Amino acid sequence: MRLQFSPLLAILTTVARIAVLVDGHGLLTVPSSKNGGTITTPNGDTGIHYAIASYGIIDKAFFDNDHSKTPWTRPGEFNHELARDLIPGHPETLHPCGCNAANNVGYCAGVSQASGFGETIQGNTITPASWSRGSTQETAWNAWVNHAGGHIYMLCKKSQFDSCRDALLPSNTLQATQVQQDAYLECVWDCFESNTLEWDDTFLSVGENWSQKLQYRDDRCTYATMDPTTKVGKDGHLWRYTPIPDSQQITNGGEGKCTWESVTSFSNAEAREEFVASFGEEDVCDSGPDSHAPPDWHVFDKVKVPMEIEEGEYLLSWRWEGYMADQMWTSCADVTIAPPGSSSSAAEDDGCVLTPTTSTPTKSPTKQTLRPTSTESPTNAPPAPHTLPPSSPPVTTPKPTTRMPVPAPTPKPTPMPVITHKPTPKPVVASSSPTKSSPSNCPSGYSGIRPYNGCTKYHHCRDGQILGAINDCPAGTLFDVDLQYCNWASLVTCQVDAPGCYSNNFKDCNHPDFQVEDASCNTIWLPDGGRNSCIALWGSCTNQGVGSCCEPAECYQGSDGSYAQCIVPSS
């Protein structure tokens with residue numbers, strides 16, 4: 001009898017591995033995926049969205065020992081053997097349905113966890129989508145953090161998927177040898193890659209049909225239609241570019257198009273308003289507030305279901321390969337392939353009142369945001385892989401001149417941009433608000449990644465709030481602010497380039513390395529960084545004028561003889 005994980009064990013295993021190992025960035029949302037992703041997931045609890053997006057990550061994926069040669073430079077060519085051997089002593093398991101960065105196929109969706117048709121790793125059972133042979137169907141995915149690149153969809157019949165496991169793995173899949181796992185992975189990847197789906201590029205008319213769109217949240221009536229761009233990958237299959245470039249991707253010389261170059265129309269005025277709030281006006285190329293973190297938007301595509309495919313139960317695999325980071329993601333959904341005409345094709349905005357707006361941009365991106373014509377990487381580019389040169393041809397692409405790190409022994413946390421407030425309502429971010437037992441390391445309004453506790457830890461911030469858990473760097477490593485992941489300690493100089501702030505509550509301005517209340521009197525966050533052996537803003541001081549307060553604060557005592565206090569300088 002084959003051993004099965006209980007739903008509770010699956011959940012505990014998933015949560016534990018997410019907390020320790022990975023920072024996730026993308027998930028399949030249509031059809032609903034086996035790892036629990038749905039069209040409404042990004043609308044709910046931020047922590048749940050983050051955790052589900054973590055499941056299918058391969059955190060290190062690059063070619064030729066060069067972090068800048070990310071998966072998207074050679075679509076489809078990064079395989080399970082490369083994932084296994086890339087970082088000595090830290091094997092990764094690349095599975096079509098995702099493995100939560102595990103090193104054993106037993107943790108992959110559909111193997112022991114969620115192995116039943118319609119089952120999810122949370123232990124729920126859903127009704128899989130039904131797709132008719134010869135029909136056109138909608139797919140969608142969502143990015144917690146955007147690393148650009150591109151994606152593709154594949155099908156594998158469930159009976160064949162299961163037979164790979166039953167024939168090649170032991171009943172307790174966690175006891176499989178590396179040879180058994182390799183044979184199994186070869187089997188399932190062959191199954192999916194032999195049924196790679198084609199895109200449906202048919203257009204009836206602008207605003208009435210689309211082949212790719214960006215949909216706002218779960219509102220199917222609010223979207224921007226996009227002109228999809230493709231790239232030839234493994235075995236000649238066409239992959240689609242992510243229609244949103246990562247922050248500064250094009251500006252710094254990378255491949256792709258400015259966001260507005262792909263826009264063909266908006267379904268209504270609200271769609272345009274939300275789009276501008278996320279990605280900027282038409283003169284903005286790739287530096288909009290949400291270019292690097294667009295969780296409000298789903299990337300929808302239309303795919304063709306082959307007429308000649310056998311009917312029955314299938315798994316749909318979504319594969320997203322990063323361009324601006326050396327990472328990739330996979331996820332699966334259960335679908336039923338039904339007889340022709342037995343299920344509807346992709347719905348064309350049923351019930352929506354469409355008032356299409358500008359089908360093409362009225363302005364071109366300004367000079368400073370247009371992509372450079374040179375194929376050389378900018379001389380002031382930040383460390384790879386966050387800014388990449390064009391990938392064609394990948395072998396001869398000039399490499400950035402910045403220092404390349406020793407392959408990190410731990411997954412890399414992903415940088416997030418400074419996110420400004422939108423003019424439209426946003427859901428309240430699930431808060432891990434700073435308390436006495438949960439110190440804050442997030443300045444007011446700040447979004448991004450912060451080191452913590454002398455760079456031995458790190459965590460994400462969004463709008464001034466801690467997002468997720470505080471993560472430990474493994475022994476012998478420190479969080480590298482420049483490279484944005486835990487690097488060997490000998491290569492890291494731990495320092496925090498902190499902007500200053502003033503606040504009526506001086507604890508809001510603490511230096512991030514000193515977050516307990518008792519430390520507030522001796523250390524404060526000021527324009528020149530942390531200051532020691534001086535009194536914090538609004539703290540009690542002893543010397544009138546200067547000397548005891550952390551500059552530029554000054555000590556002031558009222559004429560009534562009240563206690564002296566460090567205040568904002570009068571001039």
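Everything quoted here is computed from the prediction, not taken from an experiment.

Rules used in this analysis
- Residues numbered from 1 in each chain as written.
- Predicted model: local features only at pLDDT ≥ 70, side-chain atom pairs only at ≥ 80, totals over all residues.
- Heavy atoms only, no water.
- Helix = DSSP H or I, 4+ residues; strand = E, 2+ residues; numbered from the N terminus.
- Buried < 20%, exposed > 50% of the residue type's maximum accessible area, 1.4 Å probe, protein only.
- Areas by Shrake-Rupley, 256 points an atom, 1.4 Å probe, with all protein chains shown as cover.
- Phe/Tyr/Trp six-rings, centres within 6.5 Å; stacked < 30°, edge-to-face > 60°.
- Lys NZ or Arg CZ within 6 Å of the ring centre and 35° of its normal.
- Arc of directions from axis to C-beta.
- Contact = heavy atoms within 4.5 Å.
- Salt bridge = Lys/Arg side-chain N within 4 Å of Asp/Glu carboxyl O.
- pLDDT = per-residue confidence, 0-100.
- Core = buried A, V, L, I, M, F, W, Y, C linked by side-chain atoms within 4.5 Å.
- Pairing = 2+ DSSP bridges.

Asker: Please set out the overall build of the chain residue by residue, giving values where relevant.
Answerer: Within the chain one finds six helices and 23 strands. The proportion of buried residues among the 571 residues of the chain is 56%. Element-wise, carbon and sulfur atoms account for 53% of the exposed surface of the chain, whose accessible area totals about 22900 Å².

Asker: Got a sec to walk through unusual backbone geometry? Specific residues and values, please.
Answerer: Residue Pro31 is reached from Val30 by a cis peptide bond, and omega for that bond is -5°. When you line up the elements, Pro31 lands in the loop between strand 1 (26-30) and helix 2 (46-53). Of note in this structure, Ala114 is not a glycine but carries a positive phi near 55°. Assignment of secondary structure puts Ala114 in the loop between helix 3 (80-85) and strand 3 (129-132). With a phi close to 70°, Gln248 is a non-glycine residue in the positive phi region. The topology assignment puts Gln248 in the loop between strand 10 (238-241) and strand 11 (263-266).

Asker: Talk me through the packing of aromatic side chains; I want residue IDs and the actual numbers.
Answerer: Each aromatic ring pair is described using two quantities: the centre-to-centre distance and the angle formed by the ring planes. Tallied over the full model, the rule gives 19 aromatic pairs. Taken together, the aromatic side chains of Tyr216, Trp260, Phe266, Phe275, Phe279 and Trp297 make up a single cluster linked through ring pairs. Between Arg74 and the ring centre of Phe63, over which it is positioned, the NZ or CZ distance is 4.6 Å. The cationic tip of Lys302 hangs over the ring face of Trp210; the distance from NZ or CZ to the ring centre is 4.4 Å.

Asker: Summarise helix 4 (residues 158-168); cite the residues concerned and give the values.
Answerer: Within helix 4, the full set of buried residues consists of Lys158, Phe161, Asp162, Cys164 and Arg165. Projected down its long axis, helix 4 shows its buried positions confined to an angular sector of 145°, all on one face. Relative to its buried face, helix 4 has exposed residues pointing more than 90 degrees away, namely Ser159 and Ala167. On its buried side, helix 4 packs onto strand 5 (150-157), helix 5 (178-193) and strand 13 (312-321).

Asker: With reference to specific residues and values, describe the pattern of salt bridges.
Answerer: Following the criterion strictly, the structure yields 19 salt bridges and no others. Salt-bridge contacts for Lys234 lead to Glu193; the nearest nitrogen and oxygen are separated by 3.2 Å. Of the two residues, Lys234 sits in the loop between strand 9 (230-232) and strand 10 while Glu193 sits in helix 5, which places them 41 residues apart along the sequence. The class for Lys234 is partly exposed, based on a relative accessible area of 29%. Salt bridges sharing common partners tie together Asp64, Lys69 and Arg74.

Asker: Requested: an account of the confidence of the model for the chain, with residues and values cited.
Answerer: Mean pLDDT over the chain stands at 75; residues scoring 70 or higher make up 65%. The model gives residues 510-525 a pLDDT under 50, and that stretch makes 54 contacts with residues more than four places away or in other chains.

Asker: Can you explain the nonpolar core? Please cite residues and give values.
Answerer: General note: in soluble globular proteins, nonpolar side chains tend to be found buried as a group. Counting 42 residues, the largest nonpolar core has Phe78, Leu94, Cys97, Phe161, Tyr184 and Phe192 as its most contacted members. Elements that contribute at least two residues to this core include exactly strand 5, helix 4, helix 5, strand 10 and strand 14 (328-338). Looking at which element gives the most residues to this core, the answer is helix 5, with six residues. If sequence neighbours within four positions are ignored, Phe192 has contacts with Pro96, Cys97, Met154, Leu155, Cys156, Phe161, Leu315, Leu316, Ser317 and Cys332.

Asker: Any details on the environment of Leu155? Residues and values, ideally.
Answerer: Inspection of the secondary structure puts Leu155 in strand 5. Looking at Leu155, the relative accessible area reads 0%, which means it is buried. Taking the C-alpha atoms as reference points, Leu155 and Asn195, separated by 40 residues in sequence, lie 5.3 Å from one another. Setting aside its immediate chain neighbours within four residues, Leu155 contacts Cys191, Phe192, Asn195, Leu197, Ile309, Tyr314, Leu315, Leu316, Val335 and Ile337.

Asker: Provide a residue-level description of the pairing of strand 13, including the pertinent values.
Answerer: Along strand 13, eight of the 10 residues are buried, which leaves the element largely enclosed by surrounding structure. When strand 5 meets strand 13, the two strands line up antiparallel, connected through eight bridges. From the neighbouring strand, Lys157 faces strand 13, where its bridge partner is Tyr314. In this structure, strand 13 lies alongside strand 14, joined through 10 bridges in antiparallel fashion. Residue pairing for strand 14: Gly312 is matched across the bridge by Ile337. Hairpin geometry of strand 13 and strand 14 is characterised by an intervening segment of six residues between the two adjacent antiparallel strands.

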